[in-house]
Amino acid sequence: MTTASAPGKVILFGEHAVVYGRPALAVPVTQVHADVEVEDSPAPGIWVDAPEISIRCEISSLPATHALRTVIENVFRTLGISSPPPLQIRITSTIPVASGLGSGAAVSVALIRALSSTVNRPLSDEQVNALAYEAEKLHHGTPSGIDNTVVTYAKPVYFVRGQPIQTFNVARPFTLVIADTGIPAPTRESVGDVRKLWEADKTKWEAMFDEVGGIVQAAREAIETGKTKELGPLMDANHALLQEMTVSSPELDRLVLAARGAGALGAKLSGGGRGGNMLALVEPTEAEQAASALRAAGAKNTIITTIEEKQ
Ligand code: MEV
């Protein structure tokens, strides 16, 4: 049996503007992960069992554009294998689907790695990333590529669309509480709506995206020089810009306010928005208290994570 695992991710700063070429910062979240097991199948074909998304079938019965089918077919095409062996694939994940934590990217990355090792042809990170990006296009329409990149390399990423991956140093560890609204984040829809705003007034939105880009640069500098307290106001400023992009929601705003009320140094939504997760920067000693305040304000789940050099 071959297995592979990939972490979740969280965008610290710069979502949405990253689709328009501005930088964004993201880190892996190892508390949640997607896991894939591959073994020989007694029956011909490639069988997928993914209980969390209620899939149990042979892949040719999935629509041709289904992300799982596409990933599997693309892996074998890339490897030049025209008749793959009969396989049984089991996919499980602790990353909530459509929560902004990169569940789709993590499943793709783990699946690509498990399949390529099962046929003894492991792929490079660059190839894994490129294949996972193809699947992201099916999930999101016009993805920047940040989710598959941070999940593939599993390290902090300063991401600019179309540029080679850059990581960043974390001079002093900092603690985040990630809280889930429990409402699915319709990333394709929120990305599409931001595009409509941009198309209607490119001058205004390009300036807005520049502002986000400035926040991302300032945040990277604060992280790299250990001035982590400066991240709080930067998170608040980024959230205000995301509200203007119409990608927040009453539930996200309620959690952001609850976090600030519980002493967080700053808070913002994370990922596509309209649902999914938000983040709060907290003193490590106050993390538990902030997490319970967030649950009392309606969060369905909270994760406390420390961002440090070696994750
Ligand atoms: C989704 O995790 C992040 C967005 O910026 C979309 C993207 O970058 O593809 C909203």
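Look up a bit, the structure's there.
Residues numbered from 1 in each chain as written. Predicted model: local features only at pLDDT ≥ 70, side-chain atom pairs only at ≥ 80, totals over all residues. Heavy atoms only, no water.

Participant: Break down the sheet that holds strand β8 (residues 266-269) for me, citing the residues and quoting the values.
Facilitator: The strands that make up a sheet are held in pairs by hydrogen bonds between backbone atoms, and each pair lies either parallel or antiparallel. One open sheet accounts for four strands, arranged β8-β9-β7-β10; its pairing is antiparallel. One side of each edge strand has no neighbouring strand; the edge strands of this open sheet are β8 and β10 (301-307). Looking at each pair of strands side by side, their axes are set apart by 20 degrees on average, direction ignored. Judged from the four bridges that link them, β8 and strand β9 (residues 277-282) form a sheet pairing that is antiparallel. Following the sheet pairing, G266 is matched in β9 by L281. Contacts between helix α7 (residues 231-244) and the sheet are confined to β7 (174-180), β8 and β9, with β8 contributing the most and set at about 30 degrees to the helix. (Pairing = 2+ DSSP bridges. Helix = DSSP H or I, 4+ residues; strand = E, 2+ residues; numbered from the N terminus. Axes fitted to C-alpha atoms, helices over the stretch in contact; angles between N-to-C directions. Contact = heavy atoms within 4.5 Å.)

Participant: A description of the pattern of salt bridges should follow, citing residues and the corresponding values.
Facilitator: Applying the stated rule across the entire model yields 15 salt bridges. The salt bridge partner of D49 is R56, with a shortest N-O separation of 3.6 Å. For R69, the salt bridge identified is with E73, shortest N-O distance 2.9 Å. Of the two residues, R69 and E73 are both situated in helix α1 (residues 67-78); the distance of four residues between them amounts to about one turn of the helix. Overall, R69 belongs to the buried group, its relative accessible area being 16%. (Salt bridge = Lys/Arg side-chain N within 4 Å of Asp/Glu carboxyl O. Buried < 20%, exposed > 50% of the residue type's maximum accessible area, 1.4 Å probe, protein only.)

Participant: Tell me what's going on with the packing of aromatic side chains, and back it up with residues and numbers.
Facilitator: Throughout the structure, instances matching the rule amount to three aromatic pairs. With centroids separated by 4.5 Å and ring planes inclined at 20 degrees, the aromatic side chains of Y20 and F209 adopt a geometry described as stacked. Residue Y20 is found in the loop between β1 (2-13) and β2 (24-40), and its partner F209 is found in helix α6 (residues 202-224); the two are separated by 189 residues along the sequence. Exposure class is identical for Y20 and F209. Each is buried. Ring centres of W205 and F209 lie 6.4 Å apart, and the angle between their planes is 45 degrees; this geometry places the pair in the tilted category. With W205 and F209 both in helix α6 and four residues apart, this pair spans about one turn of that helix. By relative accessible area, W205 is classed as buried at 4%. Residue classification places F209 among the buried positions, given a relative accessible area of 0%. Taken together, the ring pairs in this structure connect Y20, W198, W205 and F209 into an aromatic cluster. In this structure, K202 packs its charged tip against the face of W198, placed 4.6 Å from the ring centre. (Phe/Tyr/Trp six-rings, centres within 6.5 Å; stacked < 30°, edge-to-face > 60°. Lys NZ or Arg CZ within 6 Å of the ring centre and 35° of its normal.)

Participant: Before we move on, could you go through the site of the ligand and cite the residues and values that matter?
Facilitator: In the vicinity of the ligand lie 13 residues, with K9, H16, P143, S144 and D147 positioned nearest. One of the backbone N or O atoms of H16 is found 2.8 Å from an oxygen atom in the ligand. One nitrogen or oxygen atom from the side chain of S144 is found 2.6 Å from an oxygen atom belonging to the ligand. Protein contact buries 98% of the 300 Å² of open area that the ligand shows by itself. For the shell around the ligand, the elements supplying multiple residues, two or more each, are β1 and α4 (146-153). (Near = heavy atom within 4 Å. Polar contact = N/O pair within 3.5 Å; in protein donor to acceptor, adjacent residues only side chain to side chain. Areas by Shrake-Rupley, 256 points an atom, 1.4 Å probe, with all protein chains shown as cover.)

These figures capture arrangement, not role.
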